[in-house]
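# Inside the fold
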Amino acid sequence: MAKDPTQIAADLGGRIRGGAFGDIIHRVAFSTDASSYRIVPQCVVAPGDSHDVAAVVKYAAEEGLPVAPRGAGSGVAGESLCSGIVLDMTRYMTRILHTAADGAVVTCEPGVVLDDLNKHLARYGRKIGPDPSSANRATVGGCVANNATGAHSLQYGHIGEYVESLEGVLADG
């Protein structure tokens, strides 16, 4: 039997450090993106860290619920929408964790806004090359997920060319 949104949020609230929301306000707020689609999720989760992401994905696998991570929702193909659990990476997972002394390598969480990362890297005379028009709100996680580029793609290429490594969560959590 399918659980109602309030129960899903309560179940997840006991497993994570971040927030889980089953109320209609949060669910409707995350039911649209820059596309023309609208899909109301059963729950919105703001994970506090990667352990929360793993716990949510594991729960979703156990319950047969789809999961969609979401940055700014600036994608135009509906890729951040789903009928299950939307992971809002912009609330807590927004830290730049480490920067090499010369700025050549940076480690950050998926909710970091691309323009903010580039402002940080400017101190080192560096930047992430791809420049999507949504860079002032697009997150690094969303850019990587979509292999973003921009108006200067012939010069700078795609974001995937700037990724050295990723930490991910498999479908079973």
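The preceding data block contains the structure.
Described in the following lines is the structure provided in the data block. Since the model is a prediction, treat every value here as computed from it, not as a measurement.

## A few points about the pattern of salt bridges
Applying the stated criterion across every chain yields a total of 6 salt bridges. Asp11 is the salt-bridge partner of Lys3, the closest N and O atoms lying 2.7 Å from each other. Owing to a relative accessible area of 32%, Lys3 belongs among the partly exposed residues under this scheme. Judged by relative accessible area, Asp11 falls into the buried class, the value being 18%. When salt bridges with common partners are traced through the structure, they connect Lys3, Asp11 and Glu63 into a single cluster.

## Examining the side chain of Ser35
Relative to the assigned elements, Ser35 resides in the loop between helix 2 (24-29) and strand 2 (43-46). Separated by 3.1 Å, the side chain of Ser35 and the backbone nitrogen of Tyr37 make a polar contact. If sequence neighbours within four positions are ignored, Ser35 has contacts with Gly75, Val76, Ala77, Gly78 and Leu81.

## Overview of the side chain of Asp49
Its place among the elements puts Asp49 in the loop between strand 2 and helix 3 (50-63). Side chain to side chain, Asp49 and Arg17 meet in a polar contact 2.6 Å long. The contact partners of Asp49, leaving out residues within four places of it in the chain, are Arg17 and Met93.

## Points about the environment of Val44
Within the secondary structure, Val44 is located in strand 2. A residue is classified by how much of its surface remains accessible, and Val44, at 2% relative accessible area, is buried. Counting along the chain gives 44 residues from Val44 to Asp88, while the straight-line C-alpha distance between them is 6.9 Å. When near neighbours in sequence (up to four residues on either side) are disregarded, Val44 contacts Gly19, Ala20, Phe21, His26, Arg27, Phe30, Val86 and Asp88.

## Considering helix 1 (residues 5-13)
Taken as a whole, helix 1 has its buried residues at Pro5, Ile8, Ala9, Asp11 and Leu12. Across the axial projection of helix 1, the buried residues extend over an arc of 160 degrees, all falling on one side. Opposite its buried face, helix 1 presents the exposed residues Thr6 and Ala10, each directed more than 90 degrees away. Contacts made by the buried residues of helix 1 are with strand 1 (19-21), helix 2, strand 2, helix 3 and strand 4 (85-88).

The rules behind the values
Residues numbered from 1 in each chain as written. Predicted model: local features only at pLDDT ≥ 70, side-chain atom pairs only at ≥ 80, totals over all residues. Heavy atoms only, no water. Salt bridge = Lys/Arg side-chain N within 4 Å of Asp/Glu carboxyl O. Buried < 20%, exposed > 50% of the residue type's maximum accessible area, 1.4 Å probe, protein only. Helix = DSSP H or I, 4+ residues; strand = E, 2+ residues; numbered from the N terminus. Polar contact = N/O pair within 3.5 Å; in protein donor to acceptor, adjacent residues only side chain to side chain. Contact = heavy atoms within 4.5 Å. Arc of directions from axis to C-beta.

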